Amino acid sequence: MQNFVDLYQQLDETTKTNRKVAALQDYFSVSSPADAIWAIYFLTGRKLSRLVKTSLLKSLTIELTQTPEWLFNECYDIVGDLAETIALLIPESSTSHHISLHELVEDVMQPLKHQSTDDQKQAITRLWNLMTSPQRFVLNKLITGSFRVGVSEKLVVRGLAEAFGLSPKVLAHRLMGEWEPTVEFYQSIISKDGGEGDLSRPYPFCLANPLQADPQTLGPSSAWIAEWKWDGIRAQMIKRNNKVFLWSRGEELINPQFPELEHAAQALPNGTVIDGEVLIWKNERPSTFVDLQQRLGRKKVSAKLQKALPVCFMAFDLIEFQYHDWREKAFSDRRHQLEQLLHQLPHISSDKPSTPSLFPELESPQSQVMIQLAQTLDFDHWENLAITRQRSREHGVEGVMLKHRDSHYEVGRVAGGWWKWKIDPYTVDAVLIYAQRGHGRRASLYSDYTFGVWDGGQLVPFAKAYSGLTDEEMRKVDKYVREHTVGKFGPVRHVTPSLVFELAFENVQLSGRHKSGVAVRFPRMSRWRTDKTPEQADTLDNVKQMLQQTTSLTKDAT
């Protein structure tokens, strides 16, 4: 385990990518397969199911250290992390536990789930007493399911690839989907010529970078293909050996939530993987993401819900065809083959691609098509595309995607091939009314905020946001919160409503779950409005007018 703790500290103490990769390479080069696969499991964000209650860890710490509960709570409030608080309060041990990582997980941690409370206390106490503070901290992180470190899955793959001389793209593919942390699986992923046998395995998603500059900087418009940027769930539809798998970008198998898509995909030929977007499709157009959320996370979707919230898969890329990996082919070739493939499906018109009614000149005669081909946008120069992009909200989309005709299907976000040119977000000036401590490196700062807008002379909670400020600005807000707290509700601080911020967000919808009656998507702080007083902040009516405008645009488009 000590090697894993050392790796954690090396990754946590540097922001240099090359140092992180070197630390990972060194670790995998010397670790046993049994330890290495568990390290990959945790470093790539996978977690064990909850082993013990956090309340037990808290009460055990209080009991062992004789710390008053109020003092423990104060320490926790300052540190902001339970695992770290416990590691700091338990007296330092002069010994170091030499148990291996896989023995710790398999022989000690996993059995905790099935033990009595007394046995759990004894096992955890024994571990704490045998460990150094850094070991104890990592153990607590693993037990509580809060293990996180500043390294992406892409960097883990790079470190592993360099340790064994493998292609990062091949390794990334082998680690996709569901897998168990076994020695056999580890041997398959580091094999020179194996590891591709899992029928359900998706490919790492190719991601686009946001386009901040003028598209003229991308060169001739003729080198690019444009599509709408859909607001749904990114997914890969897989058909192999007569079995269908639908994987989300978060590597979740979502077949149960969209059974009609699983049925529709049976029409695909075996050895096919299509990249696309899952959308709720009503009245020949995409519905809201709020509607889509009603179908997420369910083990079973009733026929009634399927009828109320019909779904479609908007296909825009072909990454496997006839069991061959097509990622190294040009996007224009992949797109052409996708068109040919979908035209042959029995539930899609054979003479033209199925498209939404927002393109009346290409309207499909089908009333509801489960698998649709994402239509490309015609433009002969960038100015024309800019005009089309401004109509995005009319069509229920977020903007435009730009894909270079020669681009490959890369792993993750690689600049140059794909760009997302989103429309400008909605903005509202709102007042900071509540604050809460953050997590991780922000655990000692009040960095999570609730904002209000005016409604009948009162500030109504409207949105929560925690991103968008610089570190310096966040420290200033933290100081303000500490000096202007007028009430406490557990970890939440009610502050004097004086600070105004411009909030940006992607969409606004009616919501019965929120006091304001509306919900916004991806709220963030775009700037601190030091030039405005609280009285100059926006009203709830202003926000609802945005909703009405969106609804009006939608009706006009249909």
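One can find the structure itself at the top, above this paragraph.
Just so it is clear, the structure is predicted and the values come from calculations on it, not from any experiment.

Undergrad: Hey, could you run me through the overall build of the protein chain in this one?
TA: Broken down by element type, the protein chain carries 19 helices and 22 strands. The C-alpha radius of gyration of the protein chain comes to 26 Å, within 12% of the 24 Å expected for a compact globule of 558 residues. Along the first, second and third principal axes, the C-alpha atoms of the protein chain reach 75 × 70 × 50 Å. Relative to all contacts within the protein chain whose residues are 6 or more apart in sequence, the contacts with residues 24 or more apart total 70%. For the protein chain, the exposed area adds up to about 26,100 Å²; of that, 49% sits on carbon and sulfur atoms.

Undergrad: How should the pairing of strand E19 (residues 500-505) be read in this particular structure?
TA: A regular strand places its side chains on the two faces of the sheet in alternate fashion. Burial of E19 is extensive: 6 of the 6 residues sit out of reach of the surface. Side chains Val 500, Glu 502 and Ala 504 project from E19 onto one buried face, and the interleaved Phe 501, Leu 503 and Phe 505 project onto a second face that is buried too. Pairing geometry for strand E14 (residues 426-437) and E19, over 6 bridges, is antiparallel. Residue pairing in the sheet places Val 431 in a bridge with Val 500 of E19. The pairing of E19 with strand E22 (residues 524-528) spans 4 bridges and is antiparallel. Residue pairing across strands places Glu 502 opposite Arg 527, the latter belonging to E22.

Undergrad: When you look at the sheet that holds strand E2 (residues 209-210) in this model, what are you seeing that I'm missing?
TA: Reading across from one edge, E2-E13-E11-E3 is the order of the 4 strands in this open sheet, with mixed pairing throughout. The two strands at the open ends of the sheet, each matched to only one other strand, are E2 and strand E3 (224-228). Direction of pairing for E2 relative to strand E13 (residues 418-422): parallel, over a ladder of 2 bridges. Bridging across to E13, Asn 209 finds its partner in Trp 419. Strands E3, strand E11 (399-404) and E13 of the sheet are contacted by helix H16 (residues 331-343), whose axis makes an angle of about 50° with E3.

Undergrad: What am I meant to see in helix H1 (residues 2-12) here?
TA: For an α-helix, 3.6 residues make a turn, and residues three or four places apart therefore share a direction. If you check which residues of H1 are buried, you get Phe 4, Val 5, Leu 7, Tyr 8 and Leu 11. Down the axis of H1, the buried side of the element spans an arc of 160°, and every buried residue falls inside it. Buried positions along H1 lie against helix H2 (17-30), helix H3 (33-43), helix H7 (101-112) and helix H9 (133-144).

Undergrad: Before we go on, may I ask you to explain the packing of H1 against H9 in this structure?
TA: For any two helices packed against each other, the geometry comes down to the angle between their axes and how far apart the axes lie. It is the contact of H1 with H9, at a shortest axis distance of 10 Å, that shows an interaxial angle of 85°. Taken together, the axes of H1 and H9 lie roughly perpendicular to each other. Here Gln 2, Phe 4, Val 5, Tyr 8 and Gln 9 of H1 come into contact with H9, specifically with Pro 134, Gln 135, Phe 137 and Val 138. Broken down by class, the residue content of the contact of H1 with H9 amounts to 6 nonpolar, 3 polar and no charged.

Undergrad: Can you walk me through the pattern of salt bridges in this structure?
TA: Enumeration over the complete set of coordinates arrives at 28 salt bridges. In this structure, the salt-bridge partner of Glu 63 is Lys 121, at a minimum N-O distance of 3.9 Å. Of this pair, Glu 63 sits in helix H4 (residues 54-65) while Lys 121 sits in helix H8 (residues 117-130), and the two are 58 residues apart along the sequence. You can call Glu 63 partly exposed: its relative accessible area is 45%. Across the salt bridge formed by Glu 260 and Arg 295, the nearest N and O atoms sit 2.8 Å from each other. In this pair, Glu 260 sits in helix H13 (residues 259-264) while Arg 295 sits in the loop between helix H14 (289-293) and helix H15 (303-308), placing the two residues 35 residues apart along the sequence.

Undergrad: What is the right way to look at unusual backbone geometry in this model?
TA: Notably, Asn 242 is not glycine yet its phi reads approximately 65°, a positive angle. Position of Asn 242 relative to the elements: it lies in the loop between strand E4 (233-240) and strand E5 (243-248). Given a relative accessible area of 54%, Asn 242 falls into the exposed group. Its identity is not glycine, yet Gln 322 carries a phi of approximately 55°, on the positive side. Counting through the fold element by element, Gln 322 comes out in the loop between strand E8 (311-321) and strand E9 (324-325).

Reading the values: the criteria
- Residues numbered from 1 in each chain as written.
- Predicted model: local features only at pLDDT ≥ 70, side-chain atom pairs only at ≥ 80, totals over all residues.
- Heavy atoms only, no water.
- Helix = DSSP H or I, 4+ residues; strand = E, 2+ residues; numbered from the N terminus.
- Rg over C-alpha atoms; globule rule 2.2 N^0.38 Å.
- Contact = heavy atoms within 4.5 Å.
- Areas by Shrake-Rupley, 256 points an atom, 1.4 Å probe, with all protein chains shown as cover.
- Buried < 20%, exposed > 50% of the residue type's maximum accessible area, 1.4 Å probe, protein only.
- Pairing = 2+ DSSP bridges.
- Axes fitted to C-alpha atoms, helices over the stretch in contact; angles between N-to-C directions.
- Arc of directions from axis to C-beta.
- Parallel < 35°, antiparallel > 145°, perpendicular 65-115°, else oblique.
- Nonpolar A, V, L, I, M, F, W, Y, C, P; charged D, E, K, R; others polar.
- Salt bridge = Lys/Arg side-chain N within 4 Å of Asp/Glu carboxyl O.

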